[in-house]
Amino acid sequence: MSRPPLLEARDLVRIYRSRRGLTGAVTEVRAVDEVSLKLRAGETLGIVGESGSGKSTLGRMLLGLDPAQGGTVLFEGMALPRFGTPIWRRLRARMQMVWQDPLSALDRRLTVAAQIREPLDIHRIGTPEERPARTASLMTAVGLRADQGGRYPHELSGGQRQRVVIARALATNPALLVCDEPVSALDVSIQAQVVNLLRDLQGQKGLGMVFISHDLKVVRNLADRVAVMYLGRIVEEGPAEQIFAEPRHPYTQALVSSIPVPGRPLDARILLQGEPPNPAARPAGCAFHPRCPLAQGLCRTRVPALRVPEPGRAVACHVTAGAQSPVAA
Amino acid sequence: MDRLVEIRDLRVAFDGVPVLHGIDLDVAPGEALGLVGESGCGKSVTWLAALGLLPAKARVTGSVRLGAGELVGAPRETLETVRGKRIAMIFQDPSSALNPVIRVGKQICEALRLHRDLRGAAAKAEAIRLMEMVGIPDAPRRFDLYTHEFSGGQCQRLMIAMALAGRPDLLIADEPTTALDATIQAQILELLARLRRETGMATVFISHDLGAVAQVCERVCVMYAGRIVEAGPVERLFAHPRHPYTRGLFDAIPQMSGPRRRLVPIPGTVPDPRALPPGCAFAPRCTRAHDACSRTRPDLLAQPDGRTLACAYPVPEARHDSFSTERAMT
Amino acid sequence: MLRFVALRLARALATVIAVMTFAFVVLRLSGDPAQVMLGPDVPQEAVEAFRRSWGLDAPLWQQYLAYLGAIFRGDFGVSMRDHSPALALVLERVPATLQLTIPALILKLGLGIPAGVYAALHRDSLIDRGVILLAVAGFTIPSFVLGLVLVLIFAVTLGVLPSGGSGTWVHGILPTLTISIGGIGVLARFSRSAMIEVMGQPYIRTAAAKGVKWRNVVRGHALPNAAVPIVTLVGFMVGSLIAGAVVVETIFSWPGIGRLLIVSVSNRDLAVVQCILLLIAAAMVVSNLVVDLLYGALDPRLRAQPAT
């Protein structure tokens, strides 16, 4: 093939070791388990899942913020350098992250303009004389007024703070933006403002974006492709429209159907039994089988591989993906 | 209409800053009422004020009548007999809303002792029955566990069990599913709907999630900046929202079906309660606002179709109407 | 649970040994007991003989091993001053010290915690402000200043209490007050902030919302949660029962451990100093151990638990 994808993850594994209680045995939690994905420039990949699915860990691993125990991350075809090394730091200017809580991501003692300018100084972008103008244009781009530059984070609303975080992330002209629940803490009306902003910026700048969220409605609206995670593994992946219109994995089906939609009666939904899974006590076989309405004998013993039932889609399910489909690369 | 709770001109101010500007609201016995609006609109404050649960610096005026009794300004002893017994309340983050150092069974038994004078083995048996009723598996064994040994969804079930202990006439559920995962939210909504069917208690469901409200409520009140701006039966109000704010909330929600379109946000932000705009508080963000809106505040008035509405230039009633008016305007 | 206790015990033992070693080395590097004991005008042969008889001529590591060995046999050495067993000498002084520190501890708990809790429940009231003011004053004034001020007021000016010495309980009043005032202040402030933190928690609102009477919300729901941080501080205070009166005993010439320590250090009476330090370290370590176990009793989240 011609150009490598902007970002590629191959078989990423992240294991946390934790001790239960003060005396308990050490347990291994496979937060991310053999996850592979690709992101092209200008594309938005949505990653959805519930708590414990490993989606946030995966987001940090994609930027090298969380080390992988296995697998590799390739950025523009090159393996990601180790966290903290000078090369990584330089590369970091091209890969930025936006977090859920903008207040904790900002320094409360610095003005907004100073924080947006900071990455320009750190990465020596433009001459010092040019930087104020660039800071101002970044603020305009995210919809902040010039007079708000002199404010401190606590003087702004939640939506405005998230705009500051986004402006700062864009300061270094990144090629990749990883957003972890960027609108979850915002009210609906403000959420729409920030979603539109992210979409516009991406269109203008051709960013590749990884958008991690538990909110399927937002992801459907923003993402070109979607990966659904359950207990550290991708269970389904495909074009956003298709995933939400005709989900194939039973978990995706339940997830999509659990979204309350005005007008749809409560009992028309697939109601999953049982609790959200505990990553420290991962069921054998398909991790979803204890809650799955379709589970069969095989599901209890063998982990289903991601298969390709039709081009562009991948599903990890013994029942719905069909054994004759080719295994995803 | 037969009324369980009757709120009249309820006002709340924190340190002299008014946050609730005169709420009139009735709850009928057995009714499922939804209260929607964004953070800071006063939907939780209304009920915390009614139950006297606001911090001491809050000044509450107006009237909240429960049967023959008045709750505003009532002595603490009176409120203590209402809380949990007549009106129970559950909260947003269930894991931190239960006491971490007291066994969950004991917390439920405490409510049973207070409101139904059950003690010892009788209380324990009833607590286990309630735990089973709200869907806690293996309840007898888990009676002696602590909060941290339950997941968030199970903690909310325990909160609900505790709320049911006093057999209240009204359950206030304050954002009960917001902190939970999607598949667990669905379970809790289903549980709340089932319990209302089985017990006949009225429910006030406070939420910013219009979809969830639509699924469990019959009537809905939309609040903005400390006032009710629109209220009415759920189907009618959600099918044809008439207040521009209600309409804006719907337009801002990304759709789960149909073509992907650009979201329509409500411009600007919720006003600071210390600097409310004169006139209609929503006017600065409203696309339909006229000059008069920023001078005179519209009253909440009954409409012919059974809803109440506080807007001088509401969204026209039905779609073909709006088409004709827009044509007429051009 | 057994592993937890064993682990803690091992750590406690390691702490005690570390303190012993440190004390041993520092004491031997910081002055020659022979010179101090015998005075400056003694002939060199006498000094050598003294060193030999106390084993001070051996290399440091040999002395150290001998010392450790003796400790594990239960032999804490003898005082260089009067050849009486160091342990007996030290234990003889313990009651005197406890006569001051235990009443002081009771005062600290009995006044500090209620004052802090009351202030927290009546936040920003006049009483709350008063408590904060007194508390800060209490723990910022050093005990030697406080002791002298109390002596000036009650002994010199008013003449109602003795300025020093021991014998009757009246002699103990001023030293006990001096010890306790700082602790009352610290505990009051700490209890206040712990209680304010807890009262702001969602489960307190839940308890009120379910109709629990206000007094029982405080007693049954808030205090058990606030107890966890407070116990840490109280544990530290219990641990310093032995060592907490060094300065005050000196000011009021109270014949307790503290005075013995001061005298023995200036005399380079190695065995006695080491014995005292060992006792102090042991008291600290034991109270820490108790606090750790108490945590588990107070907060189930900190309890060792099998995986479910």
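The name given to chain B in an unreviewed UniProt entry is ABC transporter ATP-binding protein, with Paenirhodobacter hankyongi as the source organism. UniProt annotates chain B under Sequence similarities (unreviewed entry) with the comment "Belongs to the ABC transporter superfamily." Under the UniProt heading Subcellular location (unreviewed entry), the entry covering chain B gives this text: "Cell inner membrane".

The name given to chain A in an unreviewed UniProt entry is ABC transporter ATP-binding protein, with the source organism recorded as Paenirhodobacter hankyongi. In its Sequence similarities (unreviewed entry) section, the UniProt record describing chain A reads: "Belongs to the ABC transporter superfamily." Heading Subcellular location (unreviewed entry) of the UniProt record for chain A holds this comment: "Cell inner membrane".

Trainee: Any details on the overall build of chain B? Residues and values, ideally.
Mentor: Each helix and strand in chain B was counted, giving 12 helices and 12 strands. Here chain B has a C-alpha radius of gyration of 21 Å; the compact-globule value for 330 residues is 20 Å, and the two agree. Along the first, second and third principal axes, the C-alpha atoms of chain B reach 75 × 50 × 35 Å. Across the 330 residues that make up chain B, the buried fraction comes to 48%. Taking contacts inside chain B between residues at least 6 apart in sequence as the whole, the part at least 24 apart equals 62%.

Trainee: Before we move on, could you go through the overall build of chain A and cite the residues and values that matter?
Mentor: In terms of regular secondary structure, chain A is built from 11 helices and 11 strands. The C-alpha radius of gyration computed for chain A amounts to 21 Å, which stays within 12% of the reference 20 Å derived for 329 residues, consistent with globular compactness. Counting only C-alpha atoms and orienting by the principal axes, one finds that chain A spans roughly 70 × 55 × 50 Å. Here chain A holds 329 residues, and 47% of them are scored as buried. Sequence-distant contacts in chain A: of pairs separated by 6 or more residues, those separated by 24 or more amount to 62%.

Trainee: Report on the environment of glycine 238 of chain A, specifying residues and quantitative values.
Mentor: Residues and elements named next belong to chain A. With respect to the helices and strands, the residue glycine 238 is situated in strand E10 (residues 233–239). Looking at glycine 238, the number of C-beta atoms within 10 Å reads 24, which means it is buried. Taking the C-alpha atoms as reference points, glycine 238 and arginine 313, separated by 75 residues in sequence, lie 4.3 Å from one another. Not counting chain neighbours up to four residues away, the residues in contact with glycine 238 comprise Arg225, Val226, Ile243, Gly312, Arg313 and Ala314.

Trainee: Help me get a handle on the interface of chain B and chain A, residues and values and all.
Mentor: On the side of chain A, 33 residues touch chain B, which itself brings 37 residues to the contact. Counting only elements with at least two residues in the side of chain B that touches chain A, the list comes to helix H7 (152–164), helix H8 (182–199), helix H9 (210–216) and helix H11 (244–252) of chain B. Per-element tally for the side of chain B that touches chain A: the top contributor is H8 of chain B, with nine residues. Its residues placed into classes, the side of chain B that touches chain A shows 19 nonpolar, 12 polar and six charged.

Trainee: Give a detailed account of helix H5 (residues 120–133) of chain B, specifying residues and quantitative values.
Mentor: All names here are of chain B. Counted at 1.5 Å a residue, the expected span for H5 with its 14 residues is 20 Å, and the 20 Å between its end C-alpha atoms agrees. When we look at burial in H5, the residues that qualify are Ala123, Ala127, Ile128, Leu130 and Met131. Projected onto a plane normal to the axis of H5, the buried residues spread over an arc of 160 degrees and lie on a single side. Along H5, exposed side chains directed more than 90 degrees from the buried face belong to Ala121 and Arg129. Contacts from the buried residues of H5 go to helix H4 (104–116), helix H6 (139–142) and H7.

Trainee: Quick one: what's the story with the sheet that holds strand E3 (residues 32–36) of chain B, residue by residue and with numbers?
Mentor: Residue and element names in this part refer to chain B. Spatial ordering of the open sheet is given by E6-E7-E8-E3-E9-E10-E12-E11, a layout of eight strands whose pairing is mixed. In this open sheet, the two edge strands, each paired with only one partner strand, are strand E6 (87–90) and strand E11 (301–302). In this structure, strand E7 (residues 170–174) lies alongside strand E8 (residues 202–207), joined through five bridges in parallel fashion. Paired with leucine 171 across the bridge in E8 is threonine 203.

Trainee: Go over the pairing of strand E9 (residues 219–224) of chain B, please, and point to the residues and values.
Mentor: Residues and elements named next belong to chain B. Of all six residues in E9, five are buried, a share of seventy percent or more. Strand direction decides the pairing type here: E3 and E9, joined by four bridges, are parallel. Counterpart to valine 36 in the pairing with E9 is valine 222. When E9 meets strand E10 (residues 227–233), the two strands line up antiparallel, connected through six bridges. Paired with methionine 223 across the two strands is isoleucine 228, which belongs to E10.

Trainee: Please give an account of the nonpolar core that cites residues and values.
Mentor: Ala167, Val210 and Val228 of chain A, Ile108, Ala161 and Val204 of chain B together with Ile276 of chain C are the most contacted members of the largest nonpolar core, which has 268 residues in total. The biggest single contributor to this core is helix H8 (residues 169–199) of chain C, with 13 residues. Residues in contact with valine 204 of chain B, not counting those within four places in the same chain, are Val27, Leu33, Leu35, Trp47, Leu170, Ile172 and Ala173 of chain B.

Trainee: Pulling in residues and values, what's your account of the domain arrangement of chain B?
Mentor: Residue and element names in this part refer to chain B. Assigned domains within chain B: domain 1 (5–217) and domain 2 (224–329). Here the C-alpha centre of domain 2 lies 30 Å away from the C-alpha centre of domain 1. Elements represented by at least two residues in the side of domain 1 that touches domain 2 include exactly strand E2 (17–27) and H9. Of all the elements, E2 adds the most residues to the side of domain 1 that touches domain 2, at seven residues. Split by residue class, the side of domain 1 that touches domain 2 holds 10 nonpolar, five polar and one charged.

Trainee: Mind laying out unusual backbone geometry, listing which residues take part and the relevant values?
Mentor: All names here are of chain A. Although it is not a glycine, asparagine 173 sits at a positive phi angle of roughly 55 degrees. Summarising the element assignment, asparagine 173 is placed in the loop between helix H6 (158–170) and strand E7 (176–180). Given 14 C-beta atoms within a 10 Å radius, asparagine 173 is considered partly exposed.

Trainee: Which residues make up the sheet that holds strand E1 (residues 5–14) of chain B, and what are the values?
Mentor: Residue and element names in this part refer to chain B. An order of E2-E1-E4-E5 is seen for the four strands of this open sheet, with the pairing classed as antiparallel. In this open sheet, the two edge strands, each paired with only one partner strand, are E2 and strand E5 (69–70). Bridge analysis of E1 against strand E4 (residues 58–66) gives eight bridges, and the strand direction is antiparallel. Across the sheet, alanine 13 pairs through a bridge with arginine 59, a residue of E4.

Trainee: Summarise helix H4 (residues 112–122) of chain A; cite the residues concerned and give the values.
Mentor: Because an α-helix completes one turn every 3.6 residues, residues spaced three or four positions apart along the sequence face the same direction. Residue and element names in this part refer to chain A. Considered for burial, the residues of H4 that qualify are Val112, Ala113, Gln115, Ile116, Arg117, Pro119 and Leu120. Elements that come into contact with the buried residues of H4 comprise helix H5 (131–141) and H6. Trailing H4 by a residue or two, arginine 124 shows a phi angle of about 50 degrees, which is positive.

Trainee: Go over the packing of H7 of chain B against H8 of chain B, please, and point to the residues and values.
Mentor: All names here are of chain B. Where H7 meets H8, the closest approach of the two axes is 10 Å, and the angle between their N-to-C directions is 15 degrees. Considering the angle they form, H7 stands roughly parallel to H8. With respect to the hand of their crossing, H7 and H8 are arranged in right-handed fashion. Residues Gly153, Gln156, Arg157, Ile160 and Leu164 of H7 lie in contact with H8, whose contacting residues are Ile184, Gln187, Ile188, Leu191 and Leu195. Class assignment for the residues of the contact of H7 with H8 results in six nonpolar, three polar and one charged.

Trainee: Which residues make up the packing of helix H5 (residues 86–121) of chain C against helix H13 (residues 270–298) of chain C, and what are the values?
Mentor: Relative placement of two packed helices is described by the angle separating their axes and the distance separating the axes. Residue and element names in this part refer to chain C. Here H5 crosses H13 at 55 degrees, and the two axes come no closer than 9 Å. Taken together, H5 and H13 sit at an angle that is classed as oblique. The handedness of the crossing between H5 and H13 is right-handed. In contact with Ala86, Leu87, Leu89 and Val90 of H5, H13 contributes Ala271, Val272, Cys275, Ile276 and Leu279. Split by residue class, the contact of H5 with H13 holds nine nonpolar, no polar and no charged.

Trainee: Account for the confidence of the model for chain B, with residues named and values stated.
Mentor: Residues and elements named next belong to chain B. Of the residues in chain B, 96% reach a pLDDT of 70 or more, and the chain-wide mean stands at 91. Taken together, the stretch residues 320–330 has pLDDT below 50 and engages in four contacts with residues farther than four places along the chain or on a different chain. Complex prediction metrics read pTM 0.85 and ipTM 0.88.

Trainee: Kindly report on the environment of isoleucine 7 of chain B, identifying the contributing residues and their values.
Mentor: All names here are of chain B. Looking at the element boundaries, isoleucine 7 is found in strand E1. The exposure class assigned to isoleucine 7 is buried, which follows from the 23 C-beta atoms found within 10 Å. Taking the C-alpha atoms as reference points, isoleucine 7 and glycine 69, 62 residues apart in sequence, are found 12 Å from one another. Other than its neighbours up to four places away in sequence, isoleucine 7 contacts Ile23, Asp24, Leu25, Ala50 and Val64.

Each value, and the rule that gives it
- Residues numbered from 1 in each chain as written.
- Chains lettered and ligands numbered in written order.
- Predicted model: local features only at pLDDT ≥ 70, side-chain atom pairs only at ≥ 80, totals over all residues.
- UniProt positions renumbered as here; feature names shortened; annotations may be inferred.
- Helix = DSSP H or I, 4+ residues; strand = E, 2+ residues; numbered from the N terminus.
- Rg over C-alpha atoms; globule rule 2.2 N^0.38 Å.
- Buried ≥ 20, exposed ≤ 12 C-beta atoms within 10 Å, placed from the backbone.
- Contact = placed C-beta atoms within 7 Å.
- Nonpolar A, V, L, I, M, F, W, Y, C, P; charged D, E, K, R; others polar.
- Expected span 1.5 Å × (residues − 1).
- Arc of directions from axis to C-beta.
- Pairing = 2+ DSSP bridges.
- Core = buried A, V, L, I, M, F, W, Y, C linked by C-beta atoms within 7 Å.
- Domains from an automatic or database assignment.
- Axes fitted to C-alpha atoms, helices over the stretch in contact; angles between N-to-C directions.
- Parallel < 35°, antiparallel > 145°, perpendicular 65-115°, else oblique.
- Left-handed = near helix turned anticlockwise from the far one by under 90°.
- pLDDT = per-residue confidence, 0-100.

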